[in-house]
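Take a look at the letters that make up each chain.
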Amino acid sequence: MQREACKIIAQPQSLRFPSGWNLDHSLGLMAFSSLDLAIVIVYLITITLFGAHFRKSQHTLRDYFLGGRRLPWWAIALSVVSAETSILTIISTPGIAYRSNMAFLQLVFGYLIARVIVSFILIPRYFAGELFTAYQLIEKRFGGRLKTFTAGLFLGSRALAEGVRVFAISIVLEVIFRTGILVSVLIIVLLTVFYTLEGGLTAVIWTDVIQLAIYISGTALALMLALHAIPGGWGEVVRIAHAEGNKLKVFDFAFNWHAPYLFWSGLVGGVFLTTASHGTDQLIVHRLLAARNKRESQTALLYSGLVILFQFSLFLLVGVVLYAFYLLHPPARNFGRPDRIFPTFVVTELPHGLAGLLIAAIISAGMANLSAALNALASSSVVDFYKPLVRPKADDRHYLRVSRALTILWGAILIGIALLAQRMHQSVLELALTIASVPYGSMLGIFLLGVLTRRATSRGALIGGILGLACLTSVIIAAAFGAISIAWTWYVAIGTCVTFVTGWAASVILKDESQHGS
């Protein structure tokens, strides 16, 4: 159960539900007070109007998709963290430390190393020209065919993963407002589409900053209230943590291929996963491209690592403190799953008003994810497909109208995926979300072929990408059916290595193809 709970949040851009996981059950039957309900409603209205007011500054594609490159690095840094944090992160991370310890931080240390790699290997390439998407870098190096391949992988996998996130956050609204899932999905998507449509990336980033402040401050407040309710405070928490198997333990230097939260599997997994998500996924890359220059982009990404370390440390500490709290104040019934622990505390222990603040924090994380995805999907659709293939010589006003139309279209597609997710059998849903993370290995392998080697060719890289996809898909399916046992933290590393090695070998063997770029 611990392993399944950990999987939820360890893949921030693809998201997996553990078997039998149900957010409705996790939240329970929430008897909101009028004050709590008012806080949630005021939040939804305020954040929507705040984001929409940035419309007046959107005149060109550069304004709409890059914020005019006027945004400060610290706002971009906070936006990056907000984009990689989901509703499942907030709900599930405390459950990891509650059931085990703080070893998940070993994966986060991999996140930090990956940020250094992306900052000094990929970001300089992105700022070598005026790029709007990550996949234009592939076009410069390998040509349009491979750009279409990588951009297509992004659009498909991101839409699938984000549609399920919409389903997850809609359950929160459904429980609060007692509506059906359809109405809840429509509320969350339409409000987020509205301010993303109006304000572009500028609205996305500044609303991200506010939303991060809400969920961090809300979680910190819950932590302080839990500590206050424990006789002896932090000292008692430390005593209990050591007595119950050292729940504050971070490092475990044992090694095997099966456990995801050992030092090497966590570190390697974190490095490959985050290098892929922050170096090749338009969801994150287009924020980095919005910086004023290369140096500020690098600064934003590196400082976001400090924030993400603080954030996960906070969430894990909440789990340790709640373990001590419920040891001294046993719950009325068994939690059943670790995902229920933090939401149960919020609903049953926090005073009226504060519960509404915490639920607003959870909703804010979901809306931040969704707005980021909508803007990224629209930017890749316009820049990588519509502009070069449909209307290559139109003016910016035309592309701006198309961008807004595609934002609406992607919102509709995500609504459809969210409603489909509601009807899927759990095991099918799990498989779909796992497959959504498969492209990371191929995409990172292709990007590394482009920036680390001069001998790689377009044909060789495409062959490597296809073989990487096939290999990783086979590994995941085999693991799902118990044919092999390998920790999921190795998945992206496997896909990347297969893509890079076979792509390089195919390039050397198939020497007849001319190389694009340098």
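Residues numbered from 1 in each chain as written. Predicted model: local features only at pLDDT ≥ 70, side-chain atom pairs only at ≥ 80, totals over all residues. Heavy atoms only, no water.

Visitor: How should the overall build of the chain be read in this particular structure?
Guide: The number of helices and strands found in the chain is 21 helices and zero strands. Counting all 518 residues of the chain, 62% fall into the buried class. Taking the contacts inside the chain whose residues are at least 6 apart along the sequence as the reference set, 86% of them involve residues at least 24 apart. In the structure as shown, the chain presents an accessible area of about 18,600 Å², 66% of it carried by carbon and sulfur atoms. (Helix = DSSP H or I, 4+ residues; strand = E, 2+ residues; numbered from the N terminus. Buried < 20%, exposed > 50% of the residue type's maximum accessible area, 1.4 Å probe, protein only. Contact = heavy atoms within 4.5 Å. Areas by Shrake-Rupley, 256 points an atom, 1.4 Å probe, with all protein chains shown as cover.)

Visitor: Mind showing me how you'd approach the side chain of Thr-457 here?
Guide: Mapped onto the elements of the fold, Thr-457 is located in the loop between helix H19 (439-452) and helix H20 (458-480). For Thr-457, a relative accessible area of 4% gives the class buried. Among the polar contacts listed, one links the side chain of Thr-457 to the backbone nitrogen of Gly-460, at a separation of 3.1 Å. (Polar contact = N/O pair within 3.5 Å; in protein donor to acceptor, adjacent residues only side chain to side chain.)

Visitor: Is there a simple way to explain the side chain of Arg-69 in this structure?
Guide: Relative to the helices and strands, Arg-69 is located in the loop between helix H4 (61-66) and helix H5 (73-83). Its relative accessible area of 10% is what places Arg-69 among the buried residues. Looking at Arg-69, its side chain comes within polar contact range of the main-chain oxygen of Leu-289, at 2.7 Å.

Visitor: Looking at this model, I keep getting lost on the packing of H5 against helix H10 (residues 181-228). Mind explaining?
Guide: Between two packed helices, what matters for the description is the angle formed by their axes and the separation of those axes. Contact geometry of H5 with H10 gives a least axis separation of 8 Å together with a crossing angle of 65 degrees. At the point where H5 passes H10, the crossing takes the left-handed sense. Residue-level contacts link Trp-74, Ala-75, Ile-76, Leu-78, Ser-79, Val-81 and Ser-82 of H5 to Ile-205, Trp-206, Asp-208, Val-209, Leu-212 and Tyr-215 of H10. Taken together, the residues that form the contact of H5 with H10 break down as 10 nonpolar, two polar and one charged. (Axes fitted to C-alpha atoms, helices over the stretch in contact; angles between N-to-C directions. Left-handed = near helix turned anticlockwise from the far one by under 90°. Nonpolar A, V, L, I, M, F, W, Y, C, P; charged D, E, K, R; others polar.)

Visitor: Help me out: how do you make sense of helix H14 (residues 294-328) in this one?
Guide: Each full turn of the α-helix corresponds to 3.6 residues, which orients residues three or four apart in the same direction. For H14, built from 35 residues, the straight-helix expectation of 51 Å at 1.5 Å per residue is met to within 8% by its first-to-last C-alpha distance of 52 Å. With a side-chain oxygen lying 3.2 Å from the backbone nitrogen of Arg-295, the N-terminal cap of H14 falls on Asn-293. (Expected span 1.5 Å × (residues − 1).)

Visitor: Any chance you could explain a nonpolar patch on the surface here in plain terms?
Guide: Nonpolar side chains collect at one region of the surface, where Val-116, Phe-120, Leu-302, Tyr-303 and Leu-306 lie side by side and expose about 480 Å² of accessible area between them. Breaking the nonpolar patch down by element, the ones donating at least two residues are helix H7 (105-126) and H14. With three residues, the single largest contributor to the nonpolar patch is H14. By the element assignment, Leu-306 lies in helix H14. (Patch = residues over 30% accessible without salt bridge, like charges linked within 9 Å, V, L, I, M, F, W, Y side chains within 5 Å. Salt bridge = Lys/Arg side-chain N within 4 Å of Asp/Glu carboxyl O.)

Visitor: For this particular structure, what's the right way to read the nonpolar core?
Guide: One broad trend across soluble globular proteins is that nonpolar side chains are buried collectively. Of all hydrophobic cores here, the largest spans 166 residues; its most connected members are Phe-104, Tyr-126, Tyr-215, Leu-322 and Ile-363. For Leu-322, the residues in contact, after removing those within four places along its chain, are Tyr-98, Ala-226, Ile-341, Phe-342 and Phe-345. (Core = buried A, V, L, I, M, F, W, Y, C linked by side-chain atoms within 4.5 Å.)

Visitor: Where do I start with the packing of aromatic side chains in this structure?
Guide: Here a ring pair, both rings aromatic, is described through the centre-centre distance and the interplanar angle of the planes. In the structure shown here, the tally under the stated rule is 21 aromatic pairs. Considering the side-chain rings of Phe-109 and Phe-251, the 5.7 Å spacing of their centres and the 20 degrees angle between planes classify their relative orientation as stacked. Pair noted here: Phe-109 is in helix H7 and Phe-251 is in the loop between helix H11 (233-243) and helix H12 (263-279), with a separation of 142 residues, a long-range link. (Phe/Tyr/Trp six-rings, centres within 6.5 Å; stacked < 30°, edge-to-face > 60°.)

Visitor: For this particular structure, what's the right way to read unusual backbone geometry?
Guide: Glycine aside, the phi torsion of most residues is negative, and most peptide linkages are trans. Phi is positive for Asn-246, close to 60 degrees, though the residue is something other than glycine. Locating Asn-246 in the fold gives a position in the loop between H11 and H12. Its relative accessible area of 28% is what places Asn-246 among the partly exposed residues.

Visitor: How should the packing of H19 against H20 be read in this particular structure?
Guide: Relative orientation of the contacting elements H19 and H20 amounts to 155 degrees, with a least axis distance of 8 Å. If you check the angle between H19 and H20, you find them roughly antiparallel. Pair H19 / H20 crosses with right-handed handedness. Of H20, the residues touching H19 (which contributes Pro-439, Ser-442, Ile-446 and Leu-449) are Ala-461, Gly-465, Gly-468 and Leu-469. Partitioning the contact of H19 with H20 into residue classes produces five nonpolar, three polar and no charged. (Parallel < 35°, antiparallel > 145°, perpendicular 65-115°, else oblique.)

Visitor: Can you help me understand the pattern of salt bridges in this one?
Guide: When the charged atoms of two side chains with opposite charge come close together, those side chains can pair. Applying the stated criterion to the full structure yields nine salt bridges. The residue Arg-165 makes a salt bridge to Glu-162 at a minimum N-O spacing of 3.2 Å. Within this pair, Arg-165 and its partner Glu-162 are both found in helix H9 (residues 144-177), separated by three residues, close to a single helical turn. Among the residues examined, Glu-162 registers a relative accessible area of 1% and is labelled buried. Of the charged contacts, one joins Arg-239 and Glu-236 as a salt bridge, the two residues approaching to 2.7 Å between their closest N and O atoms. With Arg-239 and Glu-236 both in helix H11, this residue pair falls three residues apart, about one helical turn. Under the relative-accessibility criterion, Glu-236 is labelled buried at 18%. Via salt bridges that share partners, Arg-158, Glu-162, Arg-165 and Asp-281 belong to a single interconnected network.

Don't take any of this as a statement about function, it's just geometry.
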